[in-house]
Each structure stands twice: as structure tokens, then as C-alpha cells.
Amino acid sequence: ANLKEKDSIKDWLCTRSGSRVSITFPRIGNKRKMLDLCIKNCMMALKDMILKKSNRDNYLPKTLEELKKALLIKHLPRRIEAFDNSNLGGDSPVSAMVCFINGKPVKKEYRKFNIKTVSGIDDFKSMEEVIYRCYLRRLKEKKELPDLILVDGGKGQLSSAKRSLDKLGLSKIAIVGLAKRLEEVFVPERSHPQNISKTSPSLYLLREIRDEVHRYAITFHKQKRDKRTNQVLNSQLK
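Everything numeric here is computed off the predicted structure, so don't read it as measured data.

## Description of the overall build of the protein
Of the regular secondary structure elements, the protein holds 5 helices and 7 strands. The secondary structure elements of the protein, listed N-terminal to C-terminal, are α-α-β-β-β-β-α-β-α-β-β-α. Across the 238 residues that make up the protein, the buried fraction comes to 34%. Partitioning the contacts of the protein with sequence separation of at least 6, the portion at a separation of at least 24 is 58%. Only carbon and sulfur atoms are counted for the fraction: they give 53% of the accessible area of the protein, which is about 15800 Å².

Below, the structure written as C-alpha cells:
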């Protein structure tokens with residue numbers, strides 16, 4: 001039997017094993033039967049991997065399509081950006097944004113925000129500030145805009161975020177709020193939450209994104225708070 005690039009494969013196997021390797025092609029007997037069985041098993045494993053990847057690739061667009069229908073939006077939400085505020089203890093308020101593209105987190109697109117114009121704890125005004133700052137900069141830099149914006153919160157946070165989008169002329173961007181208590185999804189200009197099944201894959205995706213931005217915001221807040229605490233301690237020690 002002929003094997004393409006036999007010498008290259010042999011050299012690679014020698015390097016991996018750290019010893020001499022020979023390649024033989026049994027034609028008859030038990031070794032031939034063993035070789036045929038190995039080939040058959042490898043082909044089955046390869047087909048299984050291809051099938052699983054195909055199912056996974058097909059699953060995501062179906063989830064995004066389901067989300068598009070559930071939220072009554074025009075475009076498939078391939079790029080979803082989510083925002084959350086963190087102000088534990090009322091100290092060092094911050095906000096954060098995460099980005100999911102095709103249902104997967106893209107961490108290089110994550111952003112952190114210090115709250116600059118809001119005094120005290122005010123989730124609504126903080127959300128309004130951060131959404132405005134984020135997309136004002138995006139417009140100035142002519143960078144890609146999201147298909148869907150998700151805010152962690154209910155009607156109050158959603159209305160505040162929508163107000164900033166309207167000021168920027170971005171009212172066409174779809175935006176929703178996901179309230180923690182009952183996992184209810186709110187859309188602008190509707191007093192009642194959208195009717196999305198609690199077992200829907202699209203709701204699971206929104207929850208995953210919401211949980212990720214919540215984690216990211218809390219982590220940033222703790223880092224900022226710890227840094228401030230260390231600065232105070234160091235100043236007292238001097």
C-alpha cells in the first residue's frame with residue numbers, strides 16, 4: 001500500500017514518541033483485521049465529530065432566529081451587547097458591557113465604565129449615562145453597532161437606556177431589559193413582559209449574557225473598591 005508523505009509522518013511519529021518508528025502495512029492475518037477495525041473506528045469517530053459540529057452550528061442560528069421572533073425584531077441578533085451597573089454598598093459605582101457574537105462571548109469587545117455624572121446610587125441615570133457615552137463614541141469612531149442591546153433590569157433601566165439611544169438617533173437598534181426576579185423580558189413601549197417560555201433556548205441565551213455582564217460588572221466594582229481601600233490604607237501608613 002502507498003501512503004502519501006510516508007517519510008514526513010514517520011519523522012513526526014519519531015519526534016512524538018522519542019524513539020524509532022517503522023510504518024508497515026499488514027495484508028493478511030490478525031494484524032490486517034486489527035488495522036481494518038481501527039480504520040473503521042476512526043471513520044465512525046470522525047463522522048460523529050462532524051455530525052456534532054454540524055448540529056452545534058445549526059443549533060445557534062435556530063436559537064437566534066427564535067429570539068428574533070420572540071422579541072419581534074427585524075434583524076437576526078448576531079451581535080448582542082449587554083450592560084449592567086454595580087454599586088455594592090453605594091461606593092465606587094461602575095458599569096460594564098459585554099459582547100456576544102453568534103451566541104459566544106467576545107472578550108476583546110468587553111468594556112468597563114466609571115460613572116461620571118451621577119451622584120449617589122441611581123441605576124436609571126447611571127444606565128442612561130453609560131449607554132449614551134458608549135454609543136456616542138461608537139458613532140464618532142464609526143465602529144460596528146449591535147443588533148440587540150440587553151440591559152440588566154426591568155422597565156426603569158430599559159426606559160433610561162432607550163432615552164439615550166433616541167438622543168443619539170439610534171432608536172432603530174433593538175433593546176430589551178431582563179428583570180432578575182422573575183426572569184421577565186421587557187421591550188420598549190410595552191407595559192407587560194414578552195411572552196417567552198421559561199424553557200426557551202432564546203431565554204437561556206439572554207440569561208447567560210445577563211449573568212456574564214453581571215459577573216463582569218461586579219468583578220470590576222470589587223477591583224475598584226479594593227484599589228481605593230488600599231490607597232486609603234497606604235496613605236494612613238505614611
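## Let's talk about the nonpolar core
Counting residues in each nonpolar core, the largest one holds 25 residues, and the members touching the most others are Leu-71, Val-98, Leu-148, Val-185 and Ile-209. Elements represented by at least two residues in this core include exactly α2 (29-71), β1 (79-86), β2 (94-101), β5 (148-152), β6 (174-179) and α5 (201-237). Ranked by residues supplied to this core, first place goes to α5 with 7 residues. Discounting chain neighbours no more than four positions away, the residues touching Leu-148 are Leu-67, Leu-71, Pro-77, Arg-79, Ile-80, Glu-81, Ala-174, Ile-175, Val-176 and Leu-206. With 22 residues, the next largest nonpolar core counts Met-127, Cys-134, Ile-149 and Val-151 among its residues.

## Description of helix α4 (residues 155-167)
Under the 1.5 Å per step criterion, the end-to-end length of α4 is 18 Å for 13 residues, consistent within 8% with the ideal 18 Å. For α4, the complete set of buried residues consists of Gln-157, Leu-158, Ser-160, Ala-161, Lys-162, Ser-164 and Leu-165. Packed against the buried residues of α4 are α3 (123-140), β5, β6 and β7 (184-186). At the exit of α4 stands Gly-169, carrying a positive phi of roughly 75°.

## Some thoughts on the pairing of β1
Judged by how many residues are buried, β1 sits mostly within the fold: 8 of 8 residues are covered. Side chains Arg-79, Glu-81, Phe-83 and Asn-85 project from β1 onto one buried face, and the interleaved Ile-80, Ala-82, Asp-84 and Ser-86 project onto a second face that is buried too. Bridge analysis of β1 against β2 gives 8 bridges, and the strand direction is antiparallel. Directly across from Ile-80, in β2, lies its bridge partner Phe-100. Looking at chain direction, β1 and β5 are connected through 4 bridges and run parallel. From the neighbouring strand, Ala-82 faces β5, where its bridge partner is Leu-150.

## Focus on unusual backbone geometry
Although it is not a glycine, Leu-72 adopts a positive phi angle of roughly 60°. Of note, Leu-72 is situated in the loop between α2 and β1. Exposure remark for Leu-72: the relative accessible area of 58% places this residue in the exposed category. Backbone geometry at Glu-183 places phi at a positive 55°, although glycine is not the residue there.

## Overview of the environment of Asp-147
Within the secondary structure layout, Asp-147 lies in the loop between α3 and β5. According to the relative accessible area criterion, Asp-147 is partly exposed, its value standing at 27%. Separated by 66 residues in the primary sequence, Asp-147 and Glu-81 have C-alpha atoms spaced 8.2 Å apart. Ignoring sequence-local partners within four residues, the contact set of Asp-147 consists of Leu-76, Pro-77, Arg-78, Arg-79 and Ala-174. At a separation of 3.2 Å, a polar atom in the side chain of Asp-147 contacts the main-chain amide nitrogen of Arg-78.

## Points about the packing of aromatic side chains
Evaluated as defined, the whole model comprises 3 aromatic pairs. Here the aromatic rings of Phe-83 and Tyr-135 are separated by 5.8 Å at their centres, their planes lie at 65°, and the arrangement is edge-to-face. With Phe-83 in strand β1 and Tyr-135 in helix α3, this residue pair connects regions lying 52 residues apart in the sequence. On the accessibility criterion, Phe-83 (0% relative accessible area) is buried. Residues Tyr-110 and Tyr-216 carry aromatic rings whose centres are separated by 5.0 Å and whose planes lie at 65° to one another, so their mutual orientation is edge-to-face.

So, how was this worked out
- Residues numbered from 1 in each chain as written.
- Predicted model: local features only at pLDDT ≥ 70, side-chain atom pairs only at ≥ 80, totals over all residues.
- Heavy atoms only, no water.
- Helix = DSSP H or I, 4+ residues; strand = E, 2+ residues; numbered from the N terminus.
- Buried < 20%, exposed > 50% of the residue type's maximum accessible area, 1.4 Å probe, protein only.
- Contact = heavy atoms within 4.5 Å.
- Areas by Shrake-Rupley, 256 points an atom, 1.4 Å probe, with all protein chains shown as cover.
- Core = buried A, V, L, I, M, F, W, Y, C linked by side-chain atoms within 4.5 Å.
- Expected span 1.5 Å × (residues − 1).
- Pairing = 2+ DSSP bridges.
- Polar contact = N/O pair within 3.5 Å; in protein donor to acceptor, adjacent residues only side chain to side chain.
- Phe/Tyr/Trp six-rings, centres within 6.5 Å; stacked < 30°, edge-to-face > 60°.

Geometry only, nothing functional implied.
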